[in-house]
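# Summary of structural features
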Amino acid sequence: MPLEEHQDSKNRRKCLTCLAVVGLLSAVSWTPACAQTPPADTSPVAAGIAAKGIAFEDEAQAVIAGHCVECHNADAKEAGVDLSSAAGILNGGDSGHIIQPGLPDDSLLFQMIESGRMPPEPHEPLDMSQLESIRRWISDGASFRNARVSEPAITQHDIVPLLHLRCVACHGGRRREADLDLRTKQSILKGGKSGPAAVPGQPSESLIVKRILAEDMPPRRQLVSVSVKPMEALELARLAKWIERGLPESDPAADREAWAHEASVSDEDRNFWSFQPPERPAVPDVASSDRVANPIDAFVLQKLQQHGLTLSPNADRTTLLRRVTFDLTGLPPLPEDIDAFVNDHDPLAWEKQVDRLLDSRQYGERWARHWLDIAGYADSEGAQNEDRVRPHMYRYRDYVIRSFNSDKPYSRFLLEQIAGDELADYEHAEIIDDEICDNLVATGFLRTAPDRTFANITNFVPDRLEVIADEMDILGTAVMGLTLKCARCHSHKFDPIPQRDYYRLTAIFKDAYDEHDWLKSQGPRTLPYVTTAERRAFEQHEAAITQKVDAVRKELAATDLDEQKKKLEQQITQLESQRMPEPRIRALWSRGEPSPSYILMRGNYLTPGHPVEPGVPAVLSRDDAPLDIRPPWNDGRSTGRRLAFARWLTRPDHPLTARVMVNRIWQHHFGQGIVTTPGNFGRAGAAPTHPELLDWLATEFVRQNFSIKAMHRLIVTSNTYRQSSAVTGESPQRDPDGLLYSRAPLRRLEAEVLRDTLLFVSGKLNDTPYGPADPVDLRADGLVTSRESENGWRRSIYVLQRRTQIPTLLENFDYPQMGPNCIQRGESLVAPQALHLLNNRMIHQLASHFAERIRSEAGDDRAAQISVAYRRAFSRYPSEEEVTAAAEALEQLTTQWAESSNSKVGMQGTDQQALVTWCHAMFNLAEFIYVD
């Protein structure tokens, strides 16, 4: 049957491969009539030359010259595209081929023009007749009448990615079936047990072609187990063409020289404010020096005075302590702490309170939650309905809490999370101490993204690349303040980040995240290197159980009566249930030399382009080689790429690292950042409202050795932070959104803080730290609730964070979906929030506990009960009017409960029921949910 008449892919593939074997390799440029889109490796050059009909010079050339060549010529070459010559058009650009002969709708050039994205404003778009000229030319084969273009060369860069995709899973560095390695030209020629895999110039005599053609390789029964798909017909034809030409290789030096100019970044690009290293500005000399507690106030006052405003008066001490306690610990202050502060006449009384809060363990639990948001932390894999739990992920959560509590320098914090496995030789350490273990646990930062690759069927290269892309997204938005993911498929539309730079960045992580040398997301991608003390404790525990089980089994073997055997078997079962899972770490670590990295045209793993070396975004570096990549040890186990990157990232003069972090700290104290788009410091992000203040804070952060606690002290001891939230004077007109900081913001408690506060005031907060997450229950009515222990409920940070089963209370109050992370939480105002606080059984239960606590502290004295309730719930004493109103309400509620036909609890019981109802009402008041 003629090749063109084959409608099914299997028969077409057989015809093509037969043609390849007999040497009719021109089939590589054949496009079947029934194909929906051309194969990835179809040569547009050959197709364009062979086509007949309307040529480029007839109509399309004039249109392109008039509308496109100004930006896409041999000199400008935006997006790597040169439309001034046939060779430039056929070569394409950063996103791959821009012409697919015969298929205008699949041609990037036509797509961009038809959509109106090209030419960009303010240039005039093409009219319908001009657009039709381009369509006709491409539809007719995209030929060039006057161009003489030779067929493109084929080199190892066309073949190596293909072999890694289809063959290296079984014939590579870690697994060499038949002793065959197909990663390089040299290893292909060396071959394996059956001899050389390829015979230069003779594809039909080459074993690799024969085995693929016969469908012996890859073995069909093993495809799913290694998550590989068979080589396509045109891929095989490409391989055969390379062998026929003698396995040619391009010169690396020539490659670098040829590609050096592509998608370049100019000095003008680097002049954008956020791509420049921060310089320390002078502190402004402003009037009203009595309002300047530290340099922050000077910068803020300068801006306020320019708008005819000044700082608001400081809030009262009770309000201030409630505010800062929630800010730094996520819990309300204790009544005794308020009394101590109000009655402390020491000029440094405020500073003492700040230090006390920063030294509390609750500080780390509070601020770790902010980091876990941007890190995309979850206790489950997501990406599938199964949503498997990550049993070891809690170690990373605990590491973050400990790091904040110890005030670990932010530079060290990043170093450990990006390259902790390269900081110490954990594999050869005689003792695994806390520091070595923490280094490994820290790399869990790079393991937070949704990951479906735990199963064979969802562990193919595209699935793996999604994990890598999500991790790059997290890294970019959380640490660098850049939307790097935009450059995965094409050069960034707003920022000077070429597609090349995205793949240079992924190459840094490829020694650990290699799509061609992958470890499944759960068991295989964990390490056993917990501390030696924990490992020994586990082994002793297991040995003790084994000893007991062996003793019972011996007794069982010697027992005849059936009833006694049954008891012994039950005893064995009970003993076995006491075994513990092996302690392991969900980590990311270097696995040696990775596969080569290539730009993936339009993000498609089937269309690799130019190879790239590890590197950082060019716009952030003026050095030719900003990364000093050196393996930390000389046995090939680690490349040192991530360590070099982490050190570059934490350089004191890095344009973004310090700015992004101080902006986040500011954001969580004031409700918004100085840059209100905390994950985007690029051209499409918001400009800083106070650029000099931002740079002063960034340089001060570095000067203070990247101490996060030092930044807290600086911010919360400023008068800017201590202002009242009252809206007065000209503030509403001149600073309606509070962006000038003319007053303190009124803020609602976040989801976790609200839940923890409900537990705290009701006396049911279990303050046990660390360890595996507390389970959640999915109730029949669809609600998800955290499970209560004997001692109450733990803080929300310790509750299982399963992506598909978020506790309903948290979800209703805007707990984020990690997809893959959360840079800035939203704040909705919706009915389910009020309904949950009104009707939820757990809320009623906590109101009952709150009432019991009040009675235990105040007895039966109504005035004392009201005072205790206000101090616990609102951190203040009630006014006389509030005491009167509350007493009347309690009296009415007592009467109503007494008159209820269902009330059979007696007078004391009705008093308590009234108190419970009143406490429940307090949970629903705005003052309970908002911080002034």
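Going by the structure above, here's the rest.
Residues numbered from 1 in each chain as written. Predicted model: local features only at pLDDT ≥ 70, side-chain atom pairs only at ≥ 80, totals over all residues. Heavy atoms only, no water.

### Details of the packing of aromatic side chains
As a reminder of what qualifies: Each Phe, Tyr or Trp ring, with Trp reduced to its six-membered ring, pairs with another whose centre is within 6.5 Å; inter-plane angles below 30 degrees give stacked pairs, above 60 give edge-to-face pairs, and intermediate values give tilted ones. Think of it in three bands: with a 1.4 Å probe and only protein chains considered, a residue is buried below 20% of the maximum accessible area for its type, exposed above 50%, and partly exposed in between. Think of it this way: any DSSP run of H or I at least four residues long counts as a helix, any run of E at least two long counts as a strand, and we number them from the N terminus. Both a distance and an angle decide whether a charge sits over a ring: NZ of Lys or CZ of Arg must be within 6 Å of the ring centre and within 35 degrees of the ring normal.
Summed over the entire model, instances satisfying the criterion amount to 32 aromatic pairs. Taking the centre distance of 5.9 Å and the plane angle of 35 degrees together, the rings of Tyr 410 and Phe 701 count as tilted. Per residue, the accessibility class of Tyr 410 equals that of Phe 701, and both read buried. Pairing Trp 666 with Tyr 741 gives two aromatic rings, centres 5.4 Å apart and planes at 85 degrees, and the pair type is edge-to-face. Residue Trp 666 is located in helix 27 (residues 657-670), and its partner Tyr 741 is located in the loop between helix 30 (731-734) and strand 5 (747-748); the two are separated by 75 residues in the primary sequence. Judged by relative accessible area, which is 2%, Tyr 741 ranks as buried. Taken together, the aromatic side chains of Tyr 363, Trp 371, Tyr 377, Tyr 396, Tyr 399, Phe 404, Tyr 410, Phe 413, Phe 445, Phe 701 and Phe 706 make up a single cluster linked through ring pairs. The residue whose ring lies beneath Arg 317 is Phe 341, and the NZ or CZ to ring-centre distance is 4.5 Å. The ring of Trp 518 carries Arg 525 above its face, with NZ or CZ at 4.7 Å from the centroid.

### Quick notes on the pattern of salt bridges
A pair can form between side chains of opposite charge whenever their charged atoms are brought close. The line we're drawing: Definition used for salt bridges: Asp or Glu carboxyl oxygen within 4 Å of a side-chain nitrogen of Lys or Arg.
Per the counting criterion, the structure on display carries 69 salt bridges. Notably, a salt bridge pairs Arg 683 with Asp 269, separated by 3.5 Å at the nearest N-O pair. Take Arg 683: its relative accessible area is 38%, and that puts it in the partly exposed class. Connected through salt bridges with shared partners, the residues Arg 361, Glu 365, Arg 755, Asp 756 and Arg 795 form a single ionic network.

### As for the side chain of Glu 235
Just so we agree on the cut-off: By the criterion applied in these results, polar contacts are pairs of N or O atoms within 3.5 Å in which, for protein atoms, one can donate a hydrogen and the other can accept it, and in which residues neighboring in sequence qualify only through two side-chain atoms.
Its place among the elements puts Glu 235 in helix 11 (residues 233-244). Looking at Glu 235, the relative accessible area reads 8%, which means it is buried. Within the structure, Glu 235 has its side chain in polar contact with the backbone nitrogen of Glu 232 (distance 2.8 Å).

### Some thoughts on the nonpolar core
This is how it is decided: Residues belong to one nonpolar core when they are buried, are Ala, Val, Leu, Ile, Met, Phe, Trp, Tyr or Cys, and are joined through side-chain atoms within 4.5 Å.
Residues Trp 371, Tyr 396, Tyr 410, Val 479 and Phe 645 are the most contacted members of the largest nonpolar core, which totals 129 residues. For this core, the element with the most residues is helix 22 (residues 461-480), which contributes eleven residues. Formed by 46 residues, the second largest nonpolar core is a distinct cluster that contains Leu 749, Ala 751, Ile 854 and Trp 918.

Scope: geometric values only; no functional claims are made or implied.
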